[in-house]
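Listed here are the chains, written in short residue letters.
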Amino acid sequence: NAANSTYSLYPNGQNTITTADANYNDSVGSSTNVGSYSGDPSSYGTFDQGGNVWEWNDAVISGAYRGLRGGSWGDFDGLLQSSVRGYDDPADEFYGIGFRVASVPEPALVGILSGGAIVMLGRRKRVQR
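Note that the structure is a prediction, hence the values are computed from the model and not measured.

Quick notes on the pairing of strand β2 (residues 65-69)
Pairing analysis gives four bridges linking strand β1 (residues 54-62) to β2, with the strands arranged antiparallel. Within the sheet, the bridge partner assigned to S62 lies in β2 and is Y65. Between β1 and the antiparallel strand that follows it, β2, lie two residues; G63 among them carries a positive phi value of about 55°. Sheet topology note: the β2/strand β3 (residues 86-88) ladder contains three bridges and is antiparallel. Bridge pairing in β3 links G67 to Y87.

Points about the nonpolar core
Counting residues in hydrophobic clusters, the biggest one holds five residues: Y10, I17, A22, Y24 and L80. Setting aside residues up to four positions removed in sequence, Y10 forms contacts with N15, T16, I17, D77, G78, L80, Q81 and S82.

A few points about the side chain of N52
Within the fold, N52 resides in the segment before β1. Residue classification places N52 among the buried positions, given a relative accessible area of 8%. For N52, the side chain forms a polar contact with the main-chain nitrogen of T32, separated by 2.7 Å. Not counting chain neighbours up to four residues away, the residues in contact with N52 comprise N23, S31, T32, G71, S72 and W73.

Side note on the pairing of β1
In terms of strand pairing, β1 meets strand β4 (residues 97-98) through two bridges, oriented parallel. The partner of E55 across the bridge, within β4, is G98.

Scoring rules and cut-offs
Residues numbered from 1 in each chain as written. Predicted model: local features only at pLDDT ≥ 70, side-chain atom pairs only at ≥ 80, totals over all residues. Heavy atoms only, no water. Pairing = 2+ DSSP bridges. Helix = DSSP H or I, 4+ residues; strand = E, 2+ residues; numbered from the N terminus. Core = buried A, V, L, I, M, F, W, Y, C linked by side-chain atoms within 4.5 Å. Buried < 20%, exposed > 50% of the residue type's maximum accessible area, 1.4 Å probe, protein only. Contact = heavy atoms within 4.5 Å. Polar contact = N/O pair within 3.5 Å; in protein donor to acceptor, adjacent residues only side chain to side chain.

Any functional reading would require information beyond the geometric quantities listed.
Here's what the structure looks like:
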């Protein structure tokens, strides 16, 4: 649980990382599918946050330059550390940079669905014995 965790050097929740935990140090030689390293999820339950490809984030560095995090499959382990930030111009194409697509339900939708489930449980037929 991320709310109860402490800081760690790497996104796998540990202060060390190996090529069994993430795709880096040219151990595979190219990018891999997300979930390939599912043995070490982050404290948020996400996979492959370190290594594989640098991921764009919403940081505006300067002018056209935007932020990057995570390190890539060709980087050494120090660049995978949670505190490391990179940057590049999004107009440049590079095989070691990508992005993560994620979907998070709207908080209001979660409340509506939960409330609906409670109502449905309350309305189910009672069996008399």
